[in-house]
Amino acid sequence: MATENRINFWRRNAKVPGSVQPVYGAQHPPLDPRLRRTYPKDTKPKFNNLKSKKASSFHEFARSTNDAWDIDEEEDEDFLGLPAPTLSLPSGLHSTSSQNQQHNQAADTDTGVSHRLAAPSMEAQNFQDVQEEDAECEHVNGKVVKSSSDAHLNASSVHSTLQKQQSLPVRPIIPLVARMSDQNASGAPPMTVREKSRLDKFKQLLASPNTDLEELRKHSWSGIPREVRPITWRLLSGYLPANKERRELVLKRKREEYFGFIEQYYHSRTDEHYKDTYRQIHIDIPRTNPLIPLFQQPVVQEVFERILFIWAIRHPASGYVQGINDLVTPFFVVFLSEFVTEDVENFEVAALPLDTQRNIEADSFWCMSKLLDGIQDNYTFAQPGIQNKVKALEELVSRIDEDIHNHFKRYEVEYLQFAFRWMNNLLMRELPLRCTIRLWDTYQAEAEGFSHFHLYVCSAFLIEWRKEILSMVDFQGLLMLLQNLPTIHWGNEEVGLLLAEAYRLKYMFADAPSHYKR
């Protein structure tokens with residue numbers, strides 16, 4: 001009976017997001033169902049006779065699952081019935097949205113404890129209580145204050161939103177950028193002598209009339225101090241020039257250019273030609289880090305909608321593809337951190353001056369654009385870049401660890417079933433955001449970090465779980481493990497070891513895979 005109820009739950013709740021994002025859009029063919037996130041029954045299939053089951057094991061598994069990413073007609077009708085939002089950047093403090101109420105459990109995390117997380121069982125037990133308490137308050141700069149706008153909420157819309165929230169699967173809260181070892185915020189350990197020396201070196205490089213970018217990359221490879229990360233990312237991405245005198249002028253010009261695009265193109269989101277693109281962006285934005293309150297604020301979601309829509313119409317070869325929405329978040333958080341010393345997860349962005357909000361938005365757009373310029377073939381028709389990278393990963397793993405490769409073959413696990421997401425989202429769905437930010441320090445320091453070095457990082461990441469992979473002796477167990485690797489407690493140390501192993505693999509297997517090299 002419990003199994004039947006669970007299956008019916010997923011069939012009834014087609015709006016609940018899964019882990020793998022399929023690619024939507026008229027220009028993209030539907031993905032193989034094997035690539036999509038699946039939800040198995042409680043009972044695992046038995047593999048008493050592997051040989052006789054070989055032809056149908058995947059199909060048996062697929063029949064016991066349902067894709068939770070489908071969007072039903074009711075949601076489409078609701079979307080089409082909504083009036084298009086007007087272009088307006090908020091300058092005052094907005095009340096916390098009802099979606100944000102769901103996630104405010106993150107406010108009680110202790111910034112002085114490394115990777116402290118709310119237990120899933122406790123979260124489920126206190127879920128309704130937290131919603132009721134948070135409906136009466138909002139977080140501003142990490143402090144809880146009473147909200148004066150509760151009376152203006154429409155009762156029916158709140159009820160509808162809460163119903164949708166309660167259908168979401170309960171997951172532990174993941175800290176955003178707090179509790180990183182190089183973050184000297186309130187409650188964090190004081191800087192070591194080595195960390196202070198590194199910070200001084202960065203400041204010296206950045207203060208020179210012409211920053212030595214090669215030297216900056218060399219020092220950034222092992223991580224960038226939080227205090228200088230925003231300016232360093234702007235330089236390493238190619239958004240800012242090395243010449244210090246030209247930086248302010250370039251920033252002013254590029255920011256004005258971005259908002260020129262907004263004035264010129266954003267009104268066309270309701271046009272027949274672009275409405276499908278905007279519709280998909282509008283649907284995907286609330287799914288971006290749904291358990292981090294920062295990303296559930298209306299002002300933040302509007303920023304993401306503008307960034308993604310403008311990028312999509314300026315890059316018609318690919319347009320918007322699911323997964324690109326994730327790539328905005330590290331830039332947004334890093335540039336926001338210039339103005340927030342702690343508790344970024346709950347910071348009320350609307351409290352910032354309007355000019356500051358606009359600058360963060362424009363810088364996030366341009367840096368994301370620079371990143372995507374190097375991996376755009378990941379998102380063009382049929383996504384050839386991702387297909388090539390997954391094939392390259394398979395070939396590389398077969399040379400690095402033949403046991404894992406043969407284990408996958410024995411139980412019919414295809415690399416596309418788990419590595420598609422690794423390439424499409426640059427491991428952002430496998431790692432906490434704090435780890436992604438640290439990882440991107442190195443990617444931006446590496447030549448072709450996002451397009452080439454990422455392959456070796458994925459290989460090292462897979463080998464990291466060698467023991468767990470080889471202990472799984474059925475298809476279902478392997479796929480569930482690979483789609484839910486336990487990295488929730490990872491921090492800078494684990495990412496540093498992962499990158500060191502990737503660097504070793506890069507030079508041990510520099511000639512492989514040959515077809516992947518450009």
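What you see is a predicted model, and the numbers here were worked out from it, not measured in a lab.

Some points on the overall build of the protein
When helices and strands are tallied, the protein shows 24 helices and two strands. Within the protein, buried positions represent 53% of all 518 residues. The contacts in the protein between residues at least 6 apart in sequence include a share of 79% that link residues at least 24 apart. When the accessible surface of the protein is split by element, carbon and sulfur atoms take 51% of a total near 23,400 Å².

What about helix H19 (residues 416-424)?
Burial within H19 is extensive, with eight of its nine residues counted as buried. Every buried residue of H19 is accounted for by Gln417, Phe418, Ala419, Phe420, Arg421, Trp422, Met423 and Asn424. Positive backbone phi, approximately 55°, marks Leu426, located one or two places after H19.

Digging into the side chain of Thr380
Here Thr380 shows up in the loop between helix H16 (354-373) and helix H17 (384-400). The exposure class assigned to Thr380 is buried, which follows from its relative accessible area of 18%. A distance of 3.5 Å separates a polar atom in the side chain of Thr380 from the backbone oxygen of Asp377.

Focus on the environment of Phe450
Secondary-structure assignment places Phe450 in helix H21 (residues 449-464). In the structure, Phe450 is positioned 27 residues away from Met423 in sequence and 9.5 Å away in space, judged by C-alpha atoms.

Describing the packing of H17 against H19
With their axes 9 Å apart at the nearest point, H17 and H19 run at an angle of 120° to one another. With respect to their mutual orientation, H17 and H19 come out oblique. The interaxial crossing formed by H17 with H19 has right-handed handedness. Note on element contacts: H19 touches H17 through Leu416, Ala419, Phe420, Met423 and Asn424, opposite Ile386, Lys389, Val390 and Leu393. A per-class count over the contact of H17 with H19 returns seven nonpolar, one polar and one charged.

Focus: the packing of helix H9 (residues 193-207) against helix H10 (residues 213-220)
Packing of H9 against H10 leaves a shortest axis separation of 10 Å and a crossing angle of 160°. In this view, H9 runs roughly antiparallel relative to H10, as classed from their interaxial angle. Of the two possible hands of crossing, H9 and H10 adopt the one that is left-handed. Contact with H9, carried on its side by Arg198, Lys201, Phe202, Leu205 and Leu206, involves Glu215, Leu216, His219 and Ser220 of H10 and no other residues of that element. Taken together, the residues of the contact of H9 with H10 break down into four nonpolar, two polar and three charged.

Describing the packing of aromatic side chains
Applying the stated criterion across every chain, the model contains 29 aromatic pairs. Centroid distance Phe295 to Phe304: 5.8 Å. Interplanar angle 55°. Geometry classified as tilted. Overall, the relative accessible area of 2% leaves Phe295 in the buried class. Exposure remark for Phe304: the relative accessible area of 2% places this residue in the buried category. Taken together through their ring pairs, the aromatic side chains of Trp221, Trp233, Phe331, Phe335, Trp440, Tyr443, Phe450, Phe453, Tyr503 and Tyr507 make up a single cluster. The ring of Phe259 has Arg358 lying over it, and the distance from NZ or CZ to the ring centre is 3.9 Å.

As for the pattern of salt bridges
The final tally for this structure, using the stated rule, is 17 salt bridges. Notably, a salt bridge pairs Glu272 with Lys275, separated by 3.3 Å at the nearest N-O pair. Given the relative accessible area of 32%, Lys275 is considered partly exposed. Here Arg504 makes a salt bridge to Glu501, at a shortest N to O gap of 2.6 Å. Here Arg504 pairs with Glu501, and both are found in helix H24 (residues 492-508), just three residues apart, close to one helical turn.

Focus on the nonpolar core
Of all hydrophobic cores here, the largest spans 113 residues; its most connected members are Leu294, Phe332, Leu336, Phe408, Trp440 and Leu462. Here the element with the most residues in this core is helix H14 (residues 298-314); it accounts for 11 residues. Once residues within four sequence positions are removed from consideration, Leu336 is found in contact with Leu294, Val344, Phe347, Val349, Leu352 and Ile360.

Quick notes on helix H11 (residues 229-236)
With respect to burial, H11 is a largely interior element, seven of its eight residues being buried. Taken as a whole, H11 has its buried residues at Arg229, Pro230, Thr232, Trp233, Arg234, Leu235 and Leu236. Along its buried surface, H11 packs onto H9, H10, helix H12 (244-265), helix H15 (329-336), H16 and helix H20 (433-445). A positive phi of about 90° marks Gly238, the residue just after H11.

Examining the confidence of the model for the protein
For the protein, per-residue confidence averages 74 on the pLDDT scale, and 62% of positions sit at 70 or higher. At the low end of the mean pLDDT range in the protein sits helix H6 (residues 120-125), at 38; at the high end sits H11, at 97. Below pLDDT 50 for its whole length, residues 5-58 participates in 130 contacts with residues either more than four positions away or in separate chains. Contacts from residues 65-175, a stretch scored under 50 in pLDDT, to residues over four places away or in other chains number 201 contacts.

Quick look at the environment of Glu394
Assignment of secondary structure puts Glu394 in helix H17. When its relative accessible area of 25% is taken as the criterion, Glu394 is described as partly exposed. With residues up to four places along the chain from it excluded, the contact list for Glu394 reads His405 and Tyr415.

Thoughts on the environment of Leu433
Summarising the element assignment, Leu433 is placed in helix H20. On the basis of relative accessibility, which here comes to 5%, the residue Leu433 falls in the buried class.

Describing the side chain of Thr442
With respect to the helices and strands, Thr442 occurs in helix H20. Only 2.8 Å separates the side chain of Thr442 from the side chain of Arg438, close enough to count as a polar contact. Here Thr442 is in contact with Ser220, Trp221, Phe453 and Leu499, once residues within four sequence places are set aside.

Cut-offs applied
- Residues numbered from 1 in each chain as written.
- Predicted model: local features only at pLDDT ≥ 70, side-chain atom pairs only at ≥ 80, totals over all residues.
- Heavy atoms only, no water.
- Helix = DSSP H or I, 4+ residues; strand = E, 2+ residues; numbered from the N terminus.
- Buried < 20%, exposed > 50% of the residue type's maximum accessible area, 1.4 Å probe, protein only.
- Contact = heavy atoms within 4.5 Å.
- Areas by Shrake-Rupley, 256 points an atom, 1.4 Å probe, with all protein chains shown as cover.
- Polar contact = N/O pair within 3.5 Å; in protein donor to acceptor, adjacent residues only side chain to side chain.
- Axes fitted to C-alpha atoms, helices over the stretch in contact; angles between N-to-C directions.
- Parallel < 35°, antiparallel > 145°, perpendicular 65-115°, else oblique.
- Left-handed = near helix turned anticlockwise from the far one by under 90°.
- Nonpolar A, V, L, I, M, F, W, Y, C, P; charged D, E, K, R; others polar.
- Phe/Tyr/Trp six-rings, centres within 6.5 Å; stacked < 30°, edge-to-face > 60°.
- Lys NZ or Arg CZ within 6 Å of the ring centre and 35° of its normal.
- Salt bridge = Lys/Arg side-chain N within 4 Å of Asp/Glu carboxyl O.
- Core = buried A, V, L, I, M, F, W, Y, C linked by side-chain atoms within 4.5 Å.
- pLDDT = per-residue confidence, 0-100.

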